[in-house]
Each structure stands twice: as C-alpha cells, then as structure tokens.
Amino acid sequence: MNRSKLNKYEQKLVSMLVRLRGDVQFLASETKSTPTADGIEPHDFVADDLYQADQMLLSNEVNLSEEIQGALDRLAMGKFGVCEKCGEGIAEQRLDAIPYARRCIACASSVS
Ligand SMILES: [Zn+2]
C-alpha cells in the first residue's frame, strides 16, 4: 500500500477517534449526572433505561476507540492493512468500510 493511501486511512481513523472521544466524554458526563437511587430526584424506570442504554453505548464506543487506536499503532509500525491471522493484505474495499479491520474477509468470516 502506498503512502498516500496510508495517509488517507490515517486521516479517516484520526477523525473517527476525535469524534468518538467527543461522544465518550459527552456520554460519560451524562451517565454521571443521572440521578442515583438514593438521590433526591425520582428514579423512575425511564431514567434507568436511558442510563443503561448510555452505559452500553459508552462501552461500545470505548471498545471502538481502542480498535481505532490499535489500527493507528499498526499504521505507525507499517503493519496496517495486513491480516493479523493469515498475514495477507486486507482488501481495500474492506478497509474503506472498516479502516480499523484487523482481519481479512476470509479470516473474519471463519469462526475461530
Ligand atoms: Zn486473513
């Protein structure tokens, strides 16, 4: 993969990461401000559902930002776009859709 393509993926990954970090901060502050059971504010089930949805979203986004960070590390090490399982190059269409993909399509779809 040439340098300009790598730059393109790097920019994509960095902008995803910046956006995610903003979301994570927002969600973290939102979940913190949710009234607790021993708080003065009523703790109805709607607030509880929202809180759980936020928590789930937050952990998904934290996982995703770790994946993206990992892809940036691979990029820095010159291993970006190489399947971690079989060592073959990952198809560019796949990287365009999922720039932080660790495995090629064949390995990602095989159950192991
Ligand atoms: Zn593979």
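Please refer to the structure placed before this passage.
Residues numbered from 1 in each chain as written. Predicted model: local features only at pLDDT ≥ 70, side-chain atom pairs only at ≥ 80, totals over all residues. Heavy atoms only, no water.

Visitor: Just give me the short version of the coordination of the zinc ion, but keep the residues and values in it.
Guide: Around the zinc ion, the protein contributes the donor atoms C83 (SG), C86 (SG), C104 (SG) and C107 (SG), which lie 2.3 Å from the metal centre. Note that the zinc ion binds 4 donor atoms; their angles at the metal cover 103 to 116 degrees, and the shape is tetrahedral. In the primary sequence, the donor residues of the zinc ion line up as C-x2-C-x17-C-x2-C. Highlighted residues: C86 in the loop between α2 (45–76) and α3 (92–97) and C107 in helix α4 (residues 105–109), separated in sequence by 21 residues. (Donors = N, O, S within 2.8 Å, 3.2 Å for Na, K, Ca; no water. Tetrahedral: all angles 85-135°; square planar, octahedral: opposite > 155°, others 65-115°. Helix = DSSP H or I, 4+ residues; strand = E, 2+ residues; numbered from the N terminus.)

Visitor: Talk me through the pattern of salt bridges; I want residue IDs and the actual numbers.
Guide: Taken as a whole, this structure holds 6 salt bridges when the rule is applied. For E84, the salt bridge identified is with R102, shortest N-O distance 3.1 Å. Taken together, the residues span a long stretch of sequence, with E84 in the loop between α2 and α3 and R102 in the loop between α3 and α4 at a distance of 18 residues. Taking the relative accessible area as the measure of exposure, E84 reaches 45% and is therefore partly exposed. Note that R103 is salt-bridged to E84, the shortest N-O span being 3.6 Å. With R103 in the loop between α3 and α4 and E84 in the loop between α2 and α3, this pair connects stretches of sequence that are 19 residues apart. (Salt bridge = Lys/Arg side-chain N within 4 Å of Asp/Glu carboxyl O. Buried < 20%, exposed > 50% of the residue type's maximum accessible area, 1.4 Å probe, protein only.)

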